[in-house]
Amino acid sequence: MEELKISSSIETVFSSGFGVEKLTVKEIREELPDTKLYIARGNPLNKEKFNVLLNVLLRFDDLDPSLKSLSWNIVKKACSNCSSILGRVLSTDNDIHAPRSTTQNPMENQKHLAMLKMSSYLIIHMSLRFHSDQKSQASLAVGKSKKKVTIAANPGFDIDTELRATMQFQLSIADLDINKLWSDRSTEDDFVNQMSDVCYTMLEDPVVVKNKNLRSIIIELLGSLIKRYGMSVSAALKVTQLLQNFDHLALPLAEALHVWTEQFKCRVVASEVLRELSNIPEKDLIRDTTNSKSISAFISEVAKLLPDCMRANMNRIMGRLEEESYTLRNTVMDCIKEVLLNCLSKEDLDNDAKDERDQLMEVLFEHANLDVNAFVRARAVNAITVLVKSSALPITQSPAVLILGKKLLYDRSNLVRKGTIQLLSEVIRWNPYAAKLPSQALTDGLQNEIERLKQLELQIKANENKTTEEEAATSSSEQPTSAADGDGGEGKARASEVAKEGAALIEEQTKEPNNDEDKTPMELEHGQDILTYLTMALAFVRSFHETSTVMCELLRSKFQSDVLEAIEFYKIAFIFQLDFAMEGVQVMLDQIWNEDTKIRDAVVEAYKELYFTRADSTRSMFPIDIVNNMIALITKLSDSNWDSFEHLVVELKKSGVIPNTVIQIMWNYLEKSNDDKDDVDRTTTIIQLLGMLATDKPEILHGKTSLLVKVGLKSLKVQQGEETRYNFKRATYTCVAFSKLAPSKLAAGVIKKQIRYENDNVIIQSILDLVIKGFSTMSTNYITFAWEAIGILFLLSKYPLKLSSEIFYSIKDVVATNGNNELLTRYFSISGHLALKTLIFVETDVLSEICKQRGNENHEKANKSTKKKKRKKSGGSKRKAQVSINSNDSETEDEDESDEDEDENTQEQGIATDEAQHEFINNVLENEVVASDTMLGSISRILVKTCSSKVDPNDVSSVRVQQSAALALSKYMMVSTKYCDDHLRLFFTMLEQSPHEGIRANLLVAASDLCVRFPNQLEPWNSKIYNRLNDESDLVRVYALKVLTNLVLSDMIKVKGHVSEIARCIVDENEKLKLIAKRFFADLSKKGNSLYNVIPDIISRLSDMESNMPAADYRQIMKFLLDFISKDKQAESLIEKLCHRFKATRDREQWRNLAFCLTLLPCTEKGFRKLMESFNFYVDILGDDQIFESFKVVIAKAKKTVKNEVKTLVEEFEQKLNDKHETGASDDECANKAAAATQQITDPANMVTPRAKLGKRKIKGGISSEEVVEEADPSTPQHTRKTRQHNITTTTRTRGKKKVEFSSSEEEDEDPTEEENSKENEEEELDNERSGGEDSTDGCLNDTTPIRRKPTPKTRSCRTLLRA
């Protein structure tokens, strides 16, 4: 009888002569109870019981779930008995060469071996059957239920638990010395392989791998088998196969290698696996990207878990850096990071280890800077960042890291920029120099140290001039000191300890020396070390100053990651007191208006951390500290940041960062304030802060108005030499604070009553008196105060028009009495502002009051109508009850009709009333505000005369008068349509011809307001606004771009053909103008198809030779604009349009520009097909190298995006392009030779026609050559020569270059028939020219022009001069 082969299948066991018989299902059901009873008594499994259980496996699909469960329990019990028996019998000694025990005999060993084989066979195969059923049922349940599917509808069976029992039995057997059971004391390979194979089979199931406990047992079992039976090589091969076939095993197998290496000391397996993976061909990994990602994840995890093993195998991994797959290059970056972090970051490295470290760092720097793939660059930068955070970067590498960071801030990929900003932030945070890095302090320390060293050197030289005996004594006393210094020098050799050493040297320097003469040389050496330390720290700080400009630009980036990381960078820079940090903190404040919620929250959180949180904890500061910080911050902000800071303060107040005690401290300070200069500035700032805090909660000011009037509404005398001036700054901020008493914009449906005071109120009277009395004082900020004061009077007074008259006539009398340019300037400014505020008051308050009265009347009418309908309804019901059968319902119908007519009449009356109200308001504005017979209109002629007069540019006061008059005139024009029409010509004449940039800038802002108020009147003048983009003043250009940005984005004016002028600003030398232009196009890209519709017009106008746009600037503009084209449909349409433009263009630079634009667009499958279909439009220009390189870039993009089935088509098209490029290059050569021959043969003296002149022409294909061009004879018709192959004519009539023009519409899809019609017109024109050329050619040619009389060759390779 043969032995049981554990690797045999079930059918093989029955046919092998092992002595088992097949049973029916009925027989199995009858035998199982006896088998269960036999095994339950602790008896070992024999052949008879094995036969029953083997038949269970044979009939497994035919058995009931209950029988399967019963059989499985029997098998588990039999395996438990087997494990117990073998545990008692076998020695636990692991020495397989130990002598056989005398108590054992061969027969017993055979019996135990048979029991072991039968038990292992049953539990392995039965668990595999259960597992197979589980997988099949799980696959059927996909999509039906997310609940766990039970085996064979048996809720008591848990497959994970049972598989764990199987693996636990296998592990118990593997721990025993079962070699003794075999006669040759060597375990069969089949038995061991069967145990390992079941483990590998289980790992193939993702569900099993997710079970942490089961996975751990499997890995431990495999480790025990590998160690005991020497299966390292086979395990390595199996691991490699599993990695290539199962994606989910990358991390579990890396964990397995870690366990086998660390716990079981099987170090060979990991090395063998890495060797096998390094031998996989590159083409296999490129073909299967999923496999490549799995292998990459595995290697990265192995490097993290086994860095020493990875270091030993780095040579095998480094070869992947030259391969195309970026995933594997990322893996190498991770491996280098882990090796440097865990193996080469120690301080006691030998020279070889240091060389290895430097080589790996060089690889990181190289790929961070030069790798073609952005993911690899980002991964390399992140690796360096981790090294910096872990203090594993040598300090000698810090300068290289900073240089790399400054370069990568300009990287095109936002992922790389994000990693670079994080790297620079960590470099500051983990710097080895100090916790505070103010450059001024470091500079002062450096200068002091240099002076101290000079004194020490002089002292040493003085000691050297002593007597010979003293010099000998000094040298003998210095010998042990120098030896000690030499030892210290060796200890300081490590660059990574420079910071600690510098601090230690400073401490040593403060100690009192025991012997001045002995200490002098030592102090000199220590001072030199301190000098080196301070020099390195100062260089470190200054290197960051160079990045500040780029960081400020990234704060305004359109990418969220750039802005968030830049905010974090400036937070760290501010904490370390770097000088440039405050600039970034102020720029950061503008992002409080960003549409992105994350960015707004990041700004609020940054300011909260920097100014409202203690440095040593996360708790809020004391209220007095918050007040001091807010005052310090607002004094550093510019005027342009105040609105942003106000919004920030409101957000912080809402979140509870600013407590109410802060407000109380401010009020207490105002009560104790005096007129000292320092106290005045602090009081002014506090009033400004109170106004900001009252924006959201005006209740802050209630009950404190008298204090504000007392402290704030007074002018302060300031003595400047012999002159006494008045400062109205505090009064201005007080008026701003009072403006918060009026309700701001409220939510829909929320009504809040307007607070208005009588004209004799203390607030109104104080402001009015200060405006009138301060009019004649000497002050530089009176006009600003007057504007704010007038706004408050119109906002809070019940009768503001009376106050307006009082102000106007009061200042008019002053001007008439003591008129000068300064008073005239104020007079015009106040008059214009009174007109503007009157306009706002009439259109808002007066109109709302009229509407309110009309609403009350309508409400009363509605109540009466409702009551009337109710009475009619009740009366109608009574009449219906009393009416007889013969009565008629005509009266009821007449009543209903009358009700409907009444409702219609009410609606018509309401519409008529609305029209009457608006007509009334318009009549008031047209005739009663700035008309010639009104109060404000009385100075209209003076304004016009002042604006029309010429002013000496050197007369500053006269220029200010004219500037004030121009601004007042524009405000007058805002009020009345008629007044606006009458003075528009004067307005735009001043805008264009005024020699003062301040006047032109002010008028641009006024033009923006006029376009919003009177768009129809201003529409013909819009081009005048666009023209200011070419103004000689940078200030005017900035204002013009701001105005156009607001108007275009609010749809008040159309972009039309002027958008190319805005695009030019992207490359302007003025950084502010460049920034505004970029913001404009970024916002325009968010308005549907607006940007897509104007891009063709931009390409057309900027590529025109008349635009004089340098190629570098053109490419920079298009690179920026086409980045916003993200929709595939838009990109495909632009590809088609650009290809069609090649045919309509005759200039080589335009061809190159169009080809470059193609490289910037995403090339989808449809876009590639558009490119193929338009091949005939650009086939003739492929001979130009630059154009051909651009098409190669487009093809490379297409290969990455198209599907695999289309890649063959792409490759064929690429080969077609290559062929045409080579053909075009040879044709160009022929054309150049023909041009040279023409110059040699043609003799002007022998020509009959008038004297010819030479002129350069662009030959199609990019060739510039000399061509003989005949002058036109008035008596002779001009002649046309044509090229047969391409139907392109060249006439002597048209010598200008054809301009690239696109149609720009507001719709995304344009009518394709326009291009077809233009094509048909071209063909008709071509036929006419052909016929005319044939009739008139003979009369113009003679024997002196042999090249022209030569017929055009039919082959493409012999292109003649006339090909163009």
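A. Layout of the packing of helix H30 (residues 623-636) against helix H32 (residues 660-671). Two elements in contact, H30 and H32, have axes whose closest approach is 9 Å; the angle formed by their N-to-C orientations is 70 degrees. By the angle between their directions, the pair H30 and H32 is classed as roughly perpendicular. For the element pair H30 and H32, the recorded crossing hand is right-handed. Of H32, the residues touching H30 (which contributes Pro623, Ile624, Ile626, Val627 and Met630) are Thr661, Val662, Ile665 and Met666. Across the contact of H30 with H32, the residue classes tally to eight nonpolar, one polar and no charged.

B. Local environment of helix H36 (residues 762-773). With 12 residues, H36 ought to run about 16 Å at 1.5 Å a step, and its terminal C-alpha atoms sit 16 Å apart, in line with that. When H36 is considered as a whole, its buried residues turn out to be Ile763, Ile764, Ser766, Ile767, Leu768, Leu770 and Val771. Buried residues along H36 sit against helix H34 (705-712), helix H35 (729-738), helix H37 (782-796) and helix H38 (800-817). The residue sitting at the N-terminus of H36 and contributing the capping side-chain oxygen is Asn761; that oxygen lies 2.8 Å from the backbone nitrogen of Ile763.

C. Local environment of the pattern of salt bridges. The tally for this structure, following the rule as stated, stands at 46 salt bridges. In this structure, Lys1024 and Glu992 form a salt bridge, with 3.4 Å as the shortest nitrogen-oxygen distance. Of the two residues, Lys1024 is situated in helix H46 (residues 1022-1027) and Glu992 in helix H43 (residues 977-993); the sequence distance between them amounts to 32 residues. Taking relative accessible area as the criterion, Lys1024 reaches 25% and is therefore assigned partly exposed. Between Arg1037 and Asp1034 there is a salt bridge, and its shortest N-O distance comes to 2.8 Å. With Arg1037 and Asp1034 both in helix H47 (residues 1034-1049) and three residues apart, this pair spans about one turn of that helix. A relative accessible area of 12% places Arg1037 in the buried class. Taken together, the shared-partner salt bridges in this structure form one network comprising Glu426, Arg429, Glu568, Lys571 and Glu609.

D. Looking closely at helix H54 (residues 1165-1173). Those residues of H54 that sit buried are Gly1167, Phe1168 and Leu1171. Projection of H54 onto a plane perpendicular to its axis shows the buried side chains occupying an angular sector of 100 degrees, all on one side. Those residues of H54 that are exposed and aimed more than 90 degrees away from the buried face are Lys1166 and Glu1173.

E. The arrangement of empty space enclosed by the protein in detail. Overall, the coordinates contain five cavities of 30 Å³ or more when judged by the stated rule. Roughly 50 Å³ of volume is contained in the second largest cavity. As for the second largest cavity, its lining consists of Leu277, Ser278, Ile299, Arg316, Ile317, Arg320, Leu328, Thr331 and Val332. Mapped onto the lining of the second largest cavity, the elements with two or more residues apiece are helix H12 (267-278), helix H16 (314-318) and helix H17 (326-342). Take the lining of the second largest cavity: its biggest share by element is three residues, from H17. Its residues placed into classes, the lining of the second largest cavity shows five nonpolar, two polar and two charged.

F. Representation of the packing of aromatic side chains in the model. Enumeration over the complete set of coordinates arrives at 34 aromatic pairs. Relative to Tyr121, the ring of Phe50 has its centre 6.3 Å away and its plane inclined at 65 degrees; by these criteria the two rings are edge-to-face. Taken together, the residues span a long stretch of sequence, with Phe50 in helix H3 (residues 47-58) and Tyr121 in helix H5 (residues 106-140) at a distance of 71 residues. For the pair Phe50 and Tyr121, one class covers both residues: buried. Every member of this aromatic cluster is reached through a ring pair, and the members are Tyr433, Tyr533, Phe540, Phe544, Phe569, Tyr570 and Phe580. Across from the ring centre of Trp787, 4.0 Å away, lies the NZ or CZ of Lys971, which sits over that ring. If you follow Lys1216 out to its NZ or CZ, it ends over the ring of Phe1175, 4.2 Å from the centre.

Calculation criteria
- Residues numbered from 1 in each chain as written.
- Predicted model: local features only at pLDDT ≥ 70, side-chain atom pairs only at ≥ 80, totals over all residues.
- Heavy atoms only, no water.
- Axes fitted to C-alpha atoms, helices over the stretch in contact; angles between N-to-C directions.
- Helix = DSSP H or I, 4+ residues; strand = E, 2+ residues; numbered from the N terminus.
- Parallel < 35°, antiparallel > 145°, perpendicular 65-115°, else oblique.
- Left-handed = near helix turned anticlockwise from the far one by under 90°.
- Contact = heavy atoms within 4.5 Å.
- Nonpolar A, V, L, I, M, F, W, Y, C, P; charged D, E, K, R; others polar.
- Expected span 1.5 Å × (residues − 1).
- Buried < 20%, exposed > 50% of the residue type's maximum accessible area, 1.4 Å probe, protein only.
- Polar contact = N/O pair within 3.5 Å; in protein donor to acceptor, adjacent residues only side chain to side chain.
- Salt bridge = Lys/Arg side-chain N within 4 Å of Asp/Glu carboxyl O.
- Arc of directions from axis to C-beta.
- 1 Å grid on protein atoms, 1.4 Å probe; cavity = no way out; pocket = protein on both sides within 12 Å on 5 of 7 lines; lining within 4 Å.
- Points joined across faces, edges and corners; volume = space filled by probe spheres on them.
- Phe/Tyr/Trp six-rings, centres within 6.5 Å; stacked < 30°, edge-to-face > 60°.
- Lys NZ or Arg CZ within 6 Å of the ring centre and 35° of its normal.

Distances and angles like these do not, on their own, reveal function.
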